[in-house]
Amino acid sequence: MSEYNPTLVSLNDFLNSRTKELKKLRSELNTRRGNCQLTQTLPKHLRRRTMSHDIHRVPYRMRKHIEKEMGKNPPRKSKLKSRQSRRKPNNMLKEYERRSKKHVWLETHIWHAKRMHMHRLFGYKLAYRTNEKLLRGCYKLAARSSVIYDESYYQCYECVAKQQNLITFFSKLIDNQSGINFKTIGNRLFLRGNRQGSSRIILDREKKVVCPFRFIWDYIPFDSNIEEYKNKTRKIWIWIHPACRTLLVDLINSLNTKNYISFHELENQPCRFSIIGPSSINVLQKVLWFDFEKDNEKEKEKEKEKEIIKDNAMETETETETETETETEEDSALKKRTMVWKSLKKINKPASLLEGCILSLDVINPKEFTVKRAREREQEFQFHQKNLTRIEKDKYEKLSKKIQYKWSSEFSKSKLWDKQTRKKLLNGIERTNKKIDEEASKKLFPNVRSSKAYPNQKIPVLIVQTAGSKTLGFGSGFDVIIPKGYAKQFWVALVHSGAVPIGMRERHRIETETGRRFFPDDFIEAPSFYQSATKLIVSEKESQKWEKTHKGKRVNYKKFGINSPFFPDFSSLLKSSTNHNNDNDKDTDNSNNNNSKNTNQIQTTQYTNTFNVEFVENINSLKTNIDSESFIPITITAIQKGSLKRNAHLYFPTKDESNKITKKLKFNQKWSKNDNHCLVGFITTGMFSLARGCGFAIGFIRKKDLIKNQNACKNSIVLVRNTNGAIFYPAKFEFCKN
C-alpha cells in the first residue's frame, strides 16, 4: 500500500498533541540539578564573587529564596585571615585557651616557647632543652653562678588529719626498711615545719617504688612541745611527679576506706622554681625586696616624739610616764626573718645552711620595680672560696653555724597555708597590674623603687634550701614557692637579676653530676619508668636515625650480640635467672650450702682486705630486705679512658682481669661470640662527668649476681660495654644514695 502524505498541517492540532512534552521541558529548565544552589542557576552576567555567603551581592528579586536556603545550610565561618586581627589580645587569649586544653601550659609557657624546645611530657607542655648543643656551659653556670628551672608541673597535695593518724598512715606507704636510710614523716626534724623532708612511697605486696616525694608540715610555735599536738589536726603538703599521679591517688583511696584522712589536690596550687648555684643568694636578694623605708620612717617618728616629751618635762619639771608599746608576736617574727635574710648575704654557699631549712618572707610585687640586667662579670659569684683569706673563711663558717643553731620554727610561719589569702591574691592580680602600669606611666623614673605606691601589697613566699653533693656542694641552691598568678613576674625578675634558665635535659645532667637518680628515667622499680615520655622520645629518635642510615654505614647490633640497643631490657635478665633456677631444681640442697659459704666469705674477705665498712653493711641489708630478683642502683666511674653511654651493658670481671685492673696494668679486651662473661645489668644514664674528669654513669645490677661474685665485692669493679662497640671499659661502682 502506498502511504498517505498530508499536504497541510494545522497548528492547533500539532500544539495540542505536543503540550505534554513542552511542559516537561519547561520544568527541567527551572529545576536545579544535583547540589546546585540558587546562585548557580543565575545567568553568567548576573553572577558575582562571594555570592554564596554574602546576600548583598545577590539580585534583590532572589534574596528571599536564598535567605531560606542559607538558613538550612549556613555558611562556615572562615578563620581570621589577617595577622593584625589574629594578634589582638582577645583573640590570642582565646587561642591560648583552646591550645592548652589537651596539654596543660605553665604560667611561664609563652616565655619558654620563644626561647626553648618544647615537648609534650606527662600531660604538660614543658621546656625540654635550650638552643645550646653542648652541656659544658650549663655545668659552668651551675658551678660558678646560678641556674633556674621551673618545677611548677610537680603537683601539690594537701593531707589534713590528726598528727598521729598522719604518721601511722604514711608509715604503711613509706620505704623504711631499705638499705638506704630515708627519713620518715614522723621524725622530729620535720614536725615543727621549719625543714623539708623527702622520701619515697612503695607498694607492700610487689615492693615497687611508686614515686619519690617531698613534704612540708605546717607551722608549730618554737616554745610548744610536739607531744601536745598528737591529737590536734594538722596539715602536710606533698609534691609528687605527674607521671605517678593516678597510681598514687588510687593507692591512697584504697587504704583510706574509713576517710579519717582528707587527701585532696591543693586549690590554687603554688608555683615552684629551683635556683641552683653559689650565687643563688645574691640573685634572690635582688628580687625579694622588703618595705624597709616604711619601718625606718616609723622609728624616726618615735624618736622625735621622745625628744619632745623630754623637752616638755624639763620646762614644767613634772615627771611624765610614757607608755611603752609592746611588740606583737608578728612584728618580732618579722624582725628575726629580716635579720636572717640580711645575714645570708655574707654566707659563702647555700650548702653551708641546714639541709631543707625553710624561710618565709612577705615580699613586694617585683612588677613595681624593674631589676637591672646583670652583666656576665656580675653573674659570677663574688665571694668564691679561692679569693677569700683564712680570716674571712673563719668568719663565714662561724656565721653559718650560728644561723644553723638558731634556726627556729618561727622562720617558716607563712600566710600561704590559708585558702582565703591565696584566693585574694589570685583575684586581685588584674587590679594591681593595672594600677602599677598607670602609676609607672606617670613617673619620670619608673625604675626607682617606691614603698609609698603599695604599702599594703605584700606577697607571701617560701624559700627552701636544697642540698647537693656532700663533697663540693655542687647542685645546692634554693626552691622558691610562689602563689598562683605571680609566677611570670617573679620569673622575669629572677632571669634579669642573673639566673640563667635551663630545661629538663640540663636539670637531668646536674642531678647525675651530684650522683643522684632522676625520676622517672633512673627509677626502674617504678611503673612509670616504662611509660616515661623522655625515654621513649630519645629511643624513637635514635631508632629512626639508625633506620634511615645506609646498611654499610650504620652499626650492626646483631654482630655485637645486642638485642635491645635503644632501650635497656631488664626483663631479659629476669627470664635468664628463672630459666637458670628451673634447670637446677634437682640440686637444691647443694646449691643452698654453697650460697651460705659464699655469703660468709664475702663478709670475711672484705674486712681482711681493709675494704670500706659501709659497703659491707649495705650488702648485708640488701640480703635481708630486697627480693632475690631485684636490681640495685649504683654509680659507675671509669678507671681508664672511655665514655660510658646510655643503655650500655655491665659485666663482672674474672680473677685475672680484676688483678690486672687493680695493679693499673693495660686492659685491652674485646667481646667475642665465644665470650664467657655473664650479663649483669644496664646503664640508664651515662655521660662524661666534668666534675670528676672521667666517664660517669648510673646503672643497675642484679642483686643475685652481686652476692655470688666475690671479686666484685672486694674491689667493686665492673666491665662496661657500649652498644656501638665490643671494647670492655673497666670501672668502679658504688651504691647510689637515693
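As annotated in an unreviewed UniProt entry, the chain carries the name Ribonucleases p/mrp protein subunit pop1 and is attributed to Anaeramoeba flamelloides. Under the Subcellular location (unreviewed entry) heading, UniProt states for the chain: "Nucleus".

Caption draft 1: Broad picture of the overall build of the chain. Assigned secondary structure in the chain consists of 26 helices and 19 strands. Taking all 738 residues of the chain together, 43% fall into the buried category. Taking the intrachain contacts of the chain between residues at least 6 apart in sequence as the baseline, contacts between residues at least 24 apart amount to 76%.

Caption draft 2: Highlighting the pairing of strand β7 (residues 233-240). For β7, a buried count of 6 out of 8 residues is recorded, marking the element as mostly surrounded by other parts of the structure. Judged from the 5 bridges that link them, strand β6 (residues 209-217) and β7 form a sheet pairing that is antiparallel. Residue pairing across strands places Phe 213 opposite Ile 240, the latter belonging to β7.

Caption draft 3: Up close: the packing of aromatic side chains. Within the structure shown, the criterion is met by 22 aromatic pairs. Seen from their ring centres, Tyr 96 and Trp 105 are 5.6 Å apart, and the 55° between their planes marks the pair as tilted. With relative accessibility at 22%, the residue Tyr 96 sits in the partly exposed group. Judged by relative accessible area, which is 18%, Trp 105 ranks as buried. Summarising the aromatic geometry, the rings of Tyr 557 and Phe 566 are spaced 5.8 Å apart at their centres and angled 75° between planes, so their arrangement reads as edge-to-face.

Caption draft 4: Up close: the sheet that holds β6. Taken together, 5 strands build an open sheet; the order of strands is β5-β6-β7-β4-β8 and the sheet is antiparallel. In this open sheet, the two edge strands, each paired with only one partner strand, are β5 (197-202) and β8 (262-265). Pairs of neighbouring strands in the sheet enclose a mean axial angle of 30°, with direction left out of account. Two elements, β5 and β6, share 6 bridges in a ladder whose sense is antiparallel. Residue pairing in the sheet places Arg 200 in a bridge with Pro 212 of β6. Along the sheet, helix α10 (residues 245-255) makes contact with β4 (155-162), β5, β6, β7 and β8, crossing β6 at roughly 75°.

Caption draft 5: Region of the structure containing the sheet that holds strand β12 (residues 477-482). In space, the 6 strands of this open sheet follow the order β10-β11-β12-β9-β3-β13, with mixed pairing throughout. One side of each edge strand has no neighbouring strand; the edge strands of this open sheet are β10 (358-363) and β13 (500-501). Two elements, β10 and strand β11 (residues 459-466), share 6 bridges in a ladder whose sense is antiparallel. For Ile 358, the partnering residue across the bridge sits in β11 and is Val 464. Each of β9 (271-276), β10, β11 and β12 is contacted by helix α11 (residues 280-287), which is oriented at about 30° to β12, the strand it contacts most.

Caption draft 6: Focus on the nonpolar core. In this structure, Leu 284, Trp 341 and Phe 490 are the most contacted members of the largest nonpolar core, which totals 38 residues. Sorting the residues of this core by element identifies β9, α11, α13 (329-343), β10, β11, β12 and α18 (487-496) as the ones contributing at least two each. With 6 residues, the top contributor of residues to this core is α18. Among residues more than four places away in sequence, those in contact with Leu 284 are Ile 275, Trp 341, Ile 463, Phe 478, Val 480 and Leu 494. Grouped together as the second largest cluster of nonpolar side chains are 30 residues, Val 210, Phe 213, Phe 215 and Ile 226 included.

Caption draft 7: Inspection of the pattern of salt bridges at higher detail. A full pass over the atoms with the stated rule returns 15 salt bridges. For the salt bridge of Arg 646 with Glu 542, the shortest nitrogen-to-oxygen distance reads 3.1 Å. Taken together, the positions of Arg 646 in the loop between β14 (631-638) and β15 (649-651) and Glu 542 in helix α20 (residues 533-548) put the pair 104 residues apart, joining distant regions of the chain. Exposure remark for Glu 542: the relative accessible area of 33% places this residue in the partly exposed category. With a closest N to O distance of 2.7 Å, Asp 705 and Arg 702 form a salt bridge. Residue Asp 705 shares its accessibility class with Arg 702, and that shared class is buried. Each of Glu 151, Arg 214, Arg 272, Asp 479, Arg 507, Glu 511 and Arg 516 takes part in salt bridges that share partners, so that together they form one network.

Caption draft 8: Representation of the packing of α11 against α18 within the structure. At their nearest, the axes of α11 and α18 sit 9 Å apart, and the two run at 125° to each other. In terms of axis orientation, α11 runs oblique to α18. Of the two elements, α11 crosses α18, and the hand of that crossing is right-handed. Taking contact as the criterion, the partners of Val 283, Leu 284 and Val 287 in α11 are, on α18, Phe 490, Ala 493 and Leu 494. Its residues placed into classes, the contact of α11 with α18 shows 6 nonpolar, no polar and no charged.

Caption draft 9: Broad picture of the side chain of Gln 163. By the secondary structure assignment, Gln 163 is in helix α8 (residues 163-173). For Gln 163, a relative accessible area of 3% gives the class buried.

Caption draft 10: Highlighting a positive patch on the surface. On the surface, a cluster of positive charge is made up of Arg 83, Arg 86, Arg 87, Lys 114, Arg 115 and Lys 488. You can see Arg 86 is positioned in helix α4 (residues 83-86).

Cut-off values and rules
Residues numbered from 1 in each chain as written. Predicted model: local features only at pLDDT ≥ 70, side-chain atom pairs only at ≥ 80, totals over all residues. Heavy atoms only, no water. UniProt positions renumbered as here; feature names shortened; annotations may be inferred. Helix = DSSP H or I, 4+ residues; strand = E, 2+ residues; numbered from the N terminus. Buried < 20%, exposed > 50% of the residue type's maximum accessible area, 1.4 Å probe, protein only. Contact = heavy atoms within 4.5 Å. Pairing = 2+ DSSP bridges. Phe/Tyr/Trp six-rings, centres within 6.5 Å; stacked < 30°, edge-to-face > 60°. Axes fitted to C-alpha atoms, helices over the stretch in contact; angles between N-to-C directions. Core = buried A, V, L, I, M, F, W, Y, C linked by side-chain atoms within 4.5 Å. Salt bridge = Lys/Arg side-chain N within 4 Å of Asp/Glu carboxyl O. Parallel < 35°, antiparallel > 145°, perpendicular 65-115°, else oblique. Left-handed = near helix turned anticlockwise from the far one by under 90°. Nonpolar A, V, L, I, M, F, W, Y, C, P; charged D, E, K, R; others polar. Patch = residues over 30% accessible without salt bridge, like charges linked within 9 Å, V, L, I, M, F, W, Y side chains within 5 Å. Areas by Shrake-Rupley, 256 points an atom, 1.4 Å probe, with all protein chains shown as cover. Lys, Arg positive; Asp, Glu negative; His and termini not counted. Charge placed at Lys NZ, Arg CZ, Asp CG, Glu CD.

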